[in-house]
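Fold and geometry: a report
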Amino acid sequence: MYQPSKWWWGLIPLALVWVLANWVKAGPIKLDIQARAQAVASIAAPDTPGARPVFARVAGRDVALSGEVLIAATTATAAKAAGESLGVRRVSSSLAQVAAVKPYMWSATRDVTKLTLSGVVPSEDVRKANLDAASKAFPGLALDDQQKTGFGATTGFAALTAWALPELARLREGVATVTDGVFSLAGSGPAEFAACAAVQAQSRTVPAGGTLGKLAIECPSPPRPPAPFL
């Protein structure tokens, strides 16, 4: 004898099993789609130092791309590549062309108790390298890191900031800046004239890729020559 009203009791656990199976499978499928879309989009639009990297966000089988690219035409190329990857249904893109920071300025400021790093750097690697260089050049001094990443660094920027920190360490107080590849240094030099003159001379030897800007190092007056013996 058929009893349809009792079939539902058997369908309920079957439905729960079906929902659970789909839920368990959805996670790996989503991650797989995201990995595929991310990979092909990143090949079409490789990371640009200082720009927000390309990122693929997945909802179901739909992909949303975000980030910044060097060339405007790359936005369409990356979206097309992501859309053609296996498992992707639809692609939306908010990719934008990265804009250079102008002026591209970085600075290190020291006083008696603290060193402050601020301004723009091209990548997290350069930011960390500056922190390491600062720790070596200013042992025991408190360090305040305010550096931000941004696009538009000149050639040799990382070498120039790494060189600037030991130069600043020669001063008692002061500030070193790198603005669009131009190095400047200002502050109070050593208390001895000869040592201060040596700092001024050394600070003029800017590494390749950089140019010398303003040097305003305060030095004591040179010693007076001895009075002639009468």
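1. Structural notes on the packing of helix α3 (residues 124-137) against helix α4 (residues 157-169)
- α4 packs onto α3 with a crossing angle of 20 degrees between their chain directions and a minimal axis gap of 9 Å. Regarding the angle of α3 to α4, the classification is roughly parallel. Classified by chirality, the crossing of α4 by α3 is right-handed. In contact with V126, N130, A133, A134 and A137 of α3, α4 contributes F157, A158, T161, A162, L165, P166 and A169.

2. Considering the side chain of T161
- Here T161 is to be found in helix α4.
- T161 sits in the buried class, given a relative accessible area of 0%.
- Those residues in contact with T161 that sit more than four places away from it in its chain are W106, N130 and V178.

3. Some thoughts on the sheet that holds strand β1 (residues 55-59)
- Taken in spatial order, the three strands line up as β1-β2-β4 in an open sheet, and their pairing is mixed. Of all the strands in the sheet, just β1 and β4 (90-93) have a single pairing partner and so form its edges. Strand-to-strand, the axes of this sheet are offset by a mean angle of 25 degrees, without reference to chain direction.
- Bridge analysis of strand β2 (residues 62-66) against β4 gives four bridges, and the strand direction is parallel. Looking at the pairing, A64 lines up with S92 of β4.
- Most of the contacts of helix α2 (residues 74-83) go to β4, to which it runs at about 160 degrees, and overall it touches β2 and β4.

Reading the values: the criteria
- Residues numbered from 1 in each chain as written.
- Predicted model: local features only at pLDDT ≥ 70, side-chain atom pairs only at ≥ 80, totals over all residues.
- Heavy atoms only, no water.
- Axes fitted to C-alpha atoms, helices over the stretch in contact; angles between N-to-C directions.
- Helix = DSSP H or I, 4+ residues; strand = E, 2+ residues; numbered from the N terminus.
- Parallel < 35°, antiparallel > 145°, perpendicular 65-115°, else oblique.
- Left-handed = near helix turned anticlockwise from the far one by under 90°.
- Contact = heavy atoms within 4.5 Å.
- Buried < 20%, exposed > 50% of the residue type's maximum accessible area, 1.4 Å probe, protein only.
- Pairing = 2+ DSSP bridges.

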